[in-house]
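Results of the structural survey
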Amino acid sequence: MTVAAWKQFLDDESSWPAASRTTEHAIVRDTTSATTFVKRKRMSPEERHLQIMRAAVKIIAVKGFWGMSLQDIADEIGITEAALYHYISSKNELLNMVLAEGYDTPEADEYNAVTAAVADADGHHGYCLPRYCTNVVLYNLQRPEMVQLFSMLNGEALNPAHPAHQFFIGRHLRNWEKVGSMNWILPDGYDEERLYHVYTLAMSAMDGLQYRWLADHSVNLLEEWIAFSDEIFPESVWRGFRDPAEYDTAAMPCLTPFTLQAREALAAE
């Protein structure tokens, strides 16, 4: 059964970019056509850096790294390729800039975590993993172009010769180091290994669903994810741990005993 607090997200697509909204027709989602650039002659180095990165996201999302050229980027922002070399030295540098600044950002981490947090009367904090995962989907709905970029590069980077190969091969474990260190509140029976497995399952399902969403404009990413979430985090097991709105102060007056850290400490005694 869908978490009641999540129904509001399904009912409001008004804040989503047009490319994230659904249609009745099964056509490929166009995430880049609405992207425009202000082609001013004089820009500060910071403004030009941001403009180049945004242009790179648009071009790579469509052509991939192998198909993109620096001339494509220069044409997109209205400068010569020679002028572009004043800001970047190579395609690889441009790709590294996009990966470092565009996708796994502190802003994304904060968005995903902040409304997944719950606190008890004594100020102990914990996080609800199902809501955290739903937040990832909500955040990605706001940046469909970046989702297409990620999907394109993730496929290309299976080739060991791809400059982003190591980035994508190690990305899941890097994210797990961050996620695994968070103070999750969990149902009985969840240790670190089981938490890792359910997190991996959730992220893998999300990646696969995003591919389908990009390929079919009639697919509602959030609606599909919530249906997936009901299977990955079943109400019979996860009720009370799915969303801060479900927090029952009578059942859990103190959150600490329900955290992974507390269970591991108890098991070590």
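Computed from a predicted model, the values in this text were never measured in an experiment.

Moving on, we get to the domain arrangement of the chain. For the chain, the domain assignment lists domain 1 (43-103) and domain 2 (104-268). Between domain 1 and domain 2, the residue contacts involve 17 residues of the former and 22 residues of the latter. Summing the contributions of domain 1 and of domain 2, the shared interface buries around 1,700 Å²; its carbon and sulfur component is 68%. Across the contact surface, domain 1 and domain 2 share 0 salt bridges. The interface formed by domain 1 and domain 2 contains 3 residue pairs in polar contact (both at pLDDT 80 or more). Secondary-structure elements contributing two or more residues to the side of domain 1 that touches domain 2 are α2 (45-67) and α5 (91-102). No other element matches the 10 residues that α2 contributes to the side of domain 1 that touches domain 2. Taken together, the residues of the side of domain 1 that touches domain 2 sort by class into 10 nonpolar, 3 polar and 4 charged.

Attention shifts here to the packing of helix α8 (residues 144-156) against helix α10 (residues 192-215). One can describe the packing of α8 onto α10 by two numbers: an axis separation of 10 Å at closest approach and a directional angle of 110 degrees. On the basis of the axis angle, α8 is roughly perpendicular to α10. Where α8 crosses over α10, the two elements pack in a sense that is left-handed. The segment α8 lies against α10, with P144, V147, Q148, F150, S151, N154 and G155 engaging D207, Q210, Y211, W213 and L214. The residue inventory of the contact of α8 with α10, partitioned by class, reads 6 nonpolar, 5 polar and 1 charged.

Cut-offs used in this document
Residues numbered from 1 in each chain as written. Predicted model: local features only at pLDDT ≥ 70, side-chain atom pairs only at ≥ 80, totals over all residues. Heavy atoms only, no water. Domains from an automatic or database assignment. Contact = heavy atoms within 4.5 Å. Buried area = accessible area lost by both parts, 1.4 Å probe. Salt bridge = Lys/Arg side-chain N within 4 Å of Asp/Glu carboxyl O. Polar contact = N/O pair within 3.5 Å; in protein donor to acceptor, adjacent residues only side chain to side chain. Helix = DSSP H or I, 4+ residues; strand = E, 2+ residues; numbered from the N terminus. Nonpolar A, V, L, I, M, F, W, Y, C, P; charged D, E, K, R; others polar. Axes fitted to C-alpha atoms, helices over the stretch in contact; angles between N-to-C directions. Parallel < 35°, antiparallel > 145°, perpendicular 65-115°, else oblique. Left-handed = near helix turned anticlockwise from the far one by under 90°.

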